[in-house]
Amino acid sequence: MGFVSLSRKAFIPSDRVIAVVPVSSSFAKKVKDTAQYHNKVINITYGKQAKSAIILDSGHIVLTSFKVKDLAKRIWREGKR
């Protein structure tokens, strides 16, 4: 199992990631609303504007300020180590 660093203090297990989507998509908004109802939204934007959402297999949604392309490269490149 590999972990991906999203910031100095935030790491996620790369093998638990299902998808990385832009928060502006209607799919991300629906999933985020559902996860928020179940208290499963994790916001690690540190006050910046959320640009992408990471969907985990546990039902958690991680909101980040990274661009989707950059985040996808980081997750699947670092997770293969």
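Cut-offs applied
- Residues numbered from 1 in each chain as written.
- Predicted model: local features only at pLDDT ≥ 70, side-chain atom pairs only at ≥ 80, totals over all residues.
- Heavy atoms only, no water.
- Buried < 20%, exposed > 50% of the residue type's maximum accessible area, 1.4 Å probe, protein only.
- Helix = DSSP H or I, 4+ residues; strand = E, 2+ residues; numbered from the N terminus.
- Expected span 1.5 Å × (residues − 1).
- Core = buried A, V, L, I, M, F, W, Y, C linked by side-chain atoms within 4.5 Å.
- Contact = heavy atoms within 4.5 Å.
- Pairing = 2+ DSSP bridges.

## Let's talk about unusual backbone geometry
Here is step 1: Positive phi, close to 55 degrees, is recorded for N39, a residue that is not glycine.
Here is step 2: N39 gets classed as exposed once you look at its relative accessible area, which sits at 70%.
Here is step 3: Of note, Y46 is a non-glycine position whose phi angle comes to about 55 degrees, a positive value.
Here is step 4: Within the element layout of this structure, Y46 appears in the loop between β4 (41-43) and β5 (52-56).
Here is step 5: Y46 sits in the exposed class, given a relative accessible area of 57%.

## Considerations on helix α1 (residues 26-37)
Here is step 1: Taking 1.5 Å as the rise per residue, α1 with 12 residues should run 16 Å; its terminal C-alpha atoms sit 17 Å apart, in good agreement.
Here is step 2: Looking one or two residues beyond α1, the residue adopting positive phi is N39, at roughly 55 degrees.

## Considerations on the nonpolar core
Here is step 1: Listed in full, the 12 residues of the largest apolar core are V4, L6, A10, I12, V17, V20, I44, I54, L56, V62, L71 and I75.
Here is step 2: Contributions of two or more residues to this core are made by β3 (17-22), β5 and α2 (68-78).
Here is step 3: Beyond its immediate chain neighbours, meaning those up to four positions away, L71 contacts L6, V20, S52, I54, T64 and F66.
Here is step 4: V21, A28, A35 and L63 belong to the second-largest nonpolar core, a separate cluster that totals 8 residues.

## Quick notes on the pairing of β5
Here is step 1: Among the 5 residues of β5, 5 are classified as buried, and the element is accordingly described as predominantly covered.
Here is step 2: Residues S52, I54 and L56 point to one face of β5 and A53 and I55 to the other, with burial holding for every one of them.
Here is step 3: Pairing of β3 with β5, which is carried by 5 bridges, proceeds in the antiparallel orientation. Note that in β5 the partner of V21 across the bridge is A53.
Here is step 4: The pairing of β5 with strand β6 (residues 61-64) spans 4 bridges and is classified as antiparallel. Considered in β6, the bridge of S52 is made with T64.
Here is step 5: Where β5 folds back on β6, the antiparallel hairpin that results is connected by 4 residues, among which G59 adopts a positive phi of roughly 95 degrees.

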